[in-house]
2 protein chains.
Amino acid sequence: MDTSSRTDLYTDSNTASSTAYQALKTLVLMGDVPIGARLREERLAERMNVSRTPVREALLRLHAEHFLERHSEGGYRVINPSVQKMRELYDIRRALELHALRRSDPHFVRDRDGLLELREDWRALDGGESAIDAEFVLLDEDFHRRLAESAGNPQLAEQLRKVNERIRPVRSHDFMNPGRIAATIEQHLAIVEAVLARKTSQAATMLDRHICESQTVVEQAVANVLERMLSVGERDASW
Amino acid sequence: MDTSSRTDLYTDSNTASSTAYQALKTLVLMGDVPIGARLREERLAERMNVSRTPVREALLRLHAEHFLERHSEGGYRVINPSVQKMRELYDIRRALELHALRRSDPHFVRDRDGLLELREDWRALDGGESAIDAEFVLLDEDFHRRLAESAGNPQLAEQLRKVNERIRPVRSHDFMNPGRIAATIEQHLAIVEAVLARKTSQAATMLDRHICESQTVVEQAVANVLERMLSVGERDASW
DNA sequence: GTATTCAATGTTGCATACACGTTTCTTAAC
DNA sequence: GTTAAGAAACGTGTATGCAACATTGAATAC
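Here is what the cut-offs are and how they apply
- Residues numbered from 1 in each chain as written.
- Chains lettered and ligands numbered in written order.
- Predicted model: local features only at pLDDT ≥ 70, side-chain atom pairs only at ≥ 80, totals over all residues.
- Heavy atoms only, no water.
- Salt bridge = Lys/Arg side-chain N within 4 Å of Asp/Glu carboxyl O.
- Helix = DSSP H or I, 4+ residues; strand = E, 2+ residues; numbered from the N terminus.
- Buried < 20%, exposed > 50% of the residue type's maximum accessible area, 1.4 Å probe, protein only.
- Least-squares fit on C-alpha atoms with pLDDT ≥ 70 in both.
- Contact = heavy atoms within 4.5 Å.
- Buried area = accessible area lost by both parts, 1.4 Å probe.
- Polar contact = N/O pair within 3.5 Å; in protein donor to acceptor, adjacent residues only side chain to side chain.

Engineer: Report on the pattern of salt bridges, specifying residues and quantitative values.
Structural biologist: Opposite charge on two side chains makes pairing possible when the charged atoms of those side chains draw close. All names here are of chain A. The tally for this structure, following the rule as stated, stands at 52 salt bridges over all chains. Note that Asp91 is salt-bridged to Arg94, the shortest N-O span being 2.9 Å. Placement of both Asp91 and Arg94 in helix α4 (residues 83–102) is noted, with a separation of 3 residues, approximately one turn of the helix. Note on Asp91: relative accessible area 6%, which makes it buried. One salt bridge connects Arg180 with Asp174, and the closest N-O pair in it is separated by 2.9 Å.

Engineer: How would you explain the relation of the copies chain A and chain B if you had to name every residue and give the values?
Structural biologist: Mapping chain A onto chain B leaves a residual RMSD of 0.1 Å; the transformation is a rotation of 180 degrees accompanied by 0.1 Å of translation along its axis. These values place the two chain copies in the arrangement generated by a two-fold rotation axis. No C-alpha of chain A lies nearer the rotation axis than that of Ala95 of chain A, which sits 3.0 Å from it.

Engineer: Can you tell me about the interface of chain A and chain B, naming the residues and giving the values?
Structural biologist: Counting residues at the interface gives 28 residues for chain A, matched by 28 residues for chain B. Where chain A abuts chain B, roughly 2600 Å² becomes buried across the two surfaces, and 51% of that area is made up of carbon and sulfur atoms. On inspection of chain A and its partner chain B, the count reaches 4 salt bridges. For the salt bridge of Arg103 of chain B with Asp91 of chain A, the shortest nitrogen-to-oxygen distance reads 3.6 Å. The interface formed by chain A and chain B contains 12 residue pairs in polar contact (both at pLDDT 80 or more). Looking at the side of chain A that touches chain B, the elements that each hand over two or more residues are α3 (52–64), α4 and α7 (154–171) of chain A.

In short, the description is geometric, and any link to function would need to be established separately.
Structure follows, in structure tokens:
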């Protein structure tokens, strides 16, 4: 086993544990590990050239973040993102985003500079021929994250980030159709403009519709895909 | 070291790991471990008669749940529940609870039976001389959890449960004044009644006010207490 | 007395060993 | 051929050992 890389630890934040976490998370989020597959600590450890200990810690973290669920007899398996669950997460997303946008408190200042920057970034994207699919999902997440962050509630923004991360695997289906990307950019710009113009309730309405649209598109696309993914019989695959 | 209790493991869900988790969580939530105190794995392990491994897993879980934060040089310390952070969590709570209550979808059925049960349980409490302080916090949490669960979004209810758990340590201050308990019971009943009578927007208004009231009371009480807790100089205490 | 070096101690992160339960495969009986 | 029993391989949960830092305190130089 390779022990040469054990030069700087303890103070180091990119420990074997967090490396394993990142790697595993990527594998799961990218869909490389089939849904329902059982994860075996030893094999993962070999694959990543670490011992079982950091792998266990990574598994624990991913479980806490709802990317894995406990296998009935110990161990973990990749969580099954049912349509129903995704619907519920979209619902949470709406709750958090709309609440962040509204923020009716009188003595609260929105991060105007951040919003102006956000607007510029998305104006630069106009047309949207540059980005596609999976890449655009991240851009989209970024928009919603920054919009929420401008509301000055870091904890809420953080919660939202986590929810979006859980939705991410199915969100790629939202932008399969090129028309959706263009529409998204347009809607995003309209929303920022409205917020900047202090037309909050109008912005909220647009944002609500925007999220609902996305949800509808995703749900229809996902229903079929999920069935296929599950029917492949890879549930019993082991990693 | 006691190894006699290692009779049934693997299938067993109450492993040493989860035992350590529960114990540590209780210690932290009860305020037995001072805010900012550094947690030392070895000592905790001795205290709980297990090895460092389950303790590490417990620490990891509590960190994921925001009860602990990473010490600058490795290790963990009890998180500092600043007034600002509590305010943000209360804000998230409002967002989730109000969203759950509103649920304007046309084809959505609320769990009426659950609500009727909830109403009965709280009618039985009328007067409220029975419960006090810390005990009542749990009852209160239970009410809000069940109210949210009746909205038929388990994921949202779960998120809310976690947020409430993070607020819990400071919420005990809400019910120091006996009058607050009576008022809470009254408001809870009014809210359930309104929901059952399908006066949703009225219920939402009441719930919003209810949460805001609680927040105000808690904030004022907590501001002082937190200062005291922090000034004791127990930050450097080690567990 | 103050500063500096260096040893001693403490603490974490990781690897590994082991115990116990589970699953699977083999073998024998019918 | 099917079934039952036993053995072997497997996988997880836990304990423990060790290396790499960090920290503290003592000894020495000035």
